[in-house]
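Architecture and fold: a report
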Amino acid sequence: MKVTVDRTLCDGNGVCMGIAPDVFDVDDDLTLHIADEIPDDPAIQAQVRQSITSCPVLALSLEE
Amino acid sequence: MVATTSQTVVVAGGSLAGHTVVAELARRGFAGDVVWVRGPEGTGPYSRPALSKELIQGKVTRDDIRLPAPEAYGLRLRVVDHAVCARLDPDDDRVLVTSAPGARGEPSDGDWIPFDALFVCTGTRARLPEAFAGLPNVHCLRTLADAERIRERLPGRPRTVVVGAGLVGSEIAASLRSCGLPVELVVQGRLPMDTVFGDDLGQFCLDRHHAHGVTTRLLTTVTGLSAAGPDGPVVLTFDDGGQTSADLVVLGLGAVTACEWLRGSGLDLSDGLGCDEALRTARPNVFAAGDVANWRHPVFGRRMRVEHWSNASAQARHAVESWWAGQEGREPPAFAEVPYFWSDQYGLKYQMVGHARGHDEVSVERTGADGHPFVTYFREGRVVAAAGVNAPRAVMRMKARIQSEGTTTQGAYAG
């Protein structure tokens, strides 16, 4: 599982970080950092999928 | 899952919560029929937070903010646009679906649609006092059409008065000012967003408006609006006897729940649609999600409604889980997600987690190179909320703390 962000869309609102804090991290310059390795944990992977569908600017996408 | 292909789910409401219910049913492989009654707009679901931010500023268009079509997920889905759920039968599991007021085509008596489960996601609409309705150059901002009407006016650089300085009013004032419009902001309370943020961030927000050239009237209520016609100014009168005129007035007076159609159904409509902790209403197969849902939050030990993006999608998923669990004979879990929202004003990101209402103490720190206020809100000695400016890590760290303190002391501050 790999997540990519469209940086022209991402505005650092932090919705993904609220859902999946182990994977998404928005720094104080509002830049999103995504974990290189997404843990092989079904709960976290479910959070990641929720983050993608919950992104209000539709900036996240999944590469399985 | 004991679901059969003969089951029918009705989803009432065409915005994020309704969209997410449909997407979640698809994700779970629901094999029955879904009837999605999407309301009067006819636009399909879109990202509402963008309306008062990027869309009125012309940075994005309606095509940029459309949500993905769940029609693609392979559900047996019937989408009904320009139509509303008009009544829920008090005795039978069926809803009356009629064409939306003002919709084109032949008026009809509507159709009664039987359901095995009903998800109420009808949300809220902008609060608009009757005396202010229908005036030229006076707009609310709730829908995509509202936002596009406002945006069309920007090239003329109208002198704009924004009435109401809650989250939406404050954001509209900042967005329009950022487009170069002369903006006056009418604040009912002492400070913008003070009912949300309290004094420290409210003062910070006021200072930002002033620094960017917005003029403000504090502790002021609009008592009258009169319009001279499509091309004339709007005259506003205030409760202190003052008066001003504007080319464009945008009302940000809050929202009212859109659940009057459920009157007579036997459900609790005292503030939105009352549900239990698992988002079930008094009728076992009727659920609520999004702005309309009033539930008892187990972390805070009190009933609330939350009118924010993250809540709508999380509750929608949860309401489907509650129904699913009931079908499988499991006890559905409580919805315990800590509320979260953000606001963009003048290039700054305000963020808040938790539920600050009823807080009795705050602590204020300064964060970042610019010394923005970071506020932690306490109630009876426990952290109930936190808010900051361009400080997402600090805000989100507090989310886990609010969740765990509330959970470990469940009921300690029930109110």
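Cut-off values and rules
Residues numbered from 1 in each chain as written. Chains lettered and ligands numbered in written order. Predicted model: local features only at pLDDT ≥ 70, side-chain atom pairs only at ≥ 80, totals over all residues. Helix = DSSP H or I, 4+ residues; strand = E, 2+ residues; numbered from the N terminus. Rg over C-alpha atoms; globule rule 2.2 N^0.38 Å. Buried ≥ 20, exposed ≤ 12 C-beta atoms within 10 Å, placed from the backbone. Contact = placed C-beta atoms within 7 Å. Nonpolar A, V, L, I, M, F, W, Y, C, P; charged D, E, K, R; others polar. pLDDT = per-residue confidence, 0-100. Core = buried A, V, L, I, M, F, W, Y, C linked by C-beta atoms within 7 Å. Expected span 1.5 Å × (residues − 1).

**Some remarks on the overall build of chain B**
- If you tally the helices and strands in chain B, you get eight helices and 26 strands.
- At 22 Å, chain B has a C-alpha radius of gyration in line with the 22 Å of a compact globule built from 415 residues.
- Dimensions of chain B along its principal axes, counting C-alpha atoms only, are 60 × 55 × 35 Å.
- Split into buried and exposed, the 415 residues of chain B put 46% on the buried side.
- Counting only contacts in chain B whose residues sit at least 6 apart along the sequence, the fraction spanning at least 24 positions is 61%.

**Structural notes on the interface of chain A and chain B**
- Between chain A and chain B, the contact holds 15 residues from the first and 17 residues from the second.
- Counting residues per element, the ones that place at least two in the side of chain A that touches chain B are α1 (15-19) and α2 (42-54) of chain A.
- At three residues, the largest contribution of residues to the side of chain A that touches chain B is made by α1 of chain A.
- For the side of chain A that touches chain B, a count of residues per class yields seven nonpolar, six polar and two charged.

**Here we look at the confidence of the model for chain B**
- Mean pLDDT for chain B: 93, with 96% of residues reaching 70 or above.
- Every residue in residues 409-415 of chain B scores below 50 in pLDDT, and together they form 13 contacts with partners more than four places removed in sequence or on other chains.

**As for the nonpolar core**
- Within the largest apolar cluster, 131 residues are counted, with the highest numbers of intra-cluster contacts made by Val 11, Val 21, Val 37, Phe 119, Val 120, Val 249 and Ala 289 of chain B.
- Non-local contacts of Val 21 of chain B, meaning those with residues more than four positions away in its chain, are made with Val 11, Phe 119, Cys 121, Ala 289, Ala 316, Ala 319 and Val 320 of chain B.

**Remarks on unusual backbone geometry**
- Positive phi, close to 65 degrees, is recorded for Leu 30 of chain A, a residue that is not glycine.
- Relative to the elements of secondary structure, Leu 30 of chain A occurs in the loop between β2 (24-26) and β3 (32-34).
- You will see that Arg 157 of chain B, though not glycine, has its phi angle at about 45 degrees, which is positive.
- Mapped onto the fold, Arg 157 of chain B is located in the loop between α3 (144-153) and β10 (160-163).
- Arg 157 of chain B sits in the partly exposed class, given 13 other C-beta atoms within 10 Å.

**Thoughts on helix α4 (residues 167-178) of chain B**
Residue and element names in this part refer to chain B.
- With twelve residues, α4 extends 16 Å between its outermost C-alpha atoms, agreeing within 8% with the 16 Å of an ideal straight helix rising 1.5 Å per residue.
- In terms of burial, α4 is a largely internal element, eleven of the twelve residues being buried.
- All of the buried residues along α4 are Leu 167, Val 168, Gly 169, Ser 170, Glu 171, Ile 172, Ala 173, Ala 174, Ser 175, Leu 176 and Arg 177.

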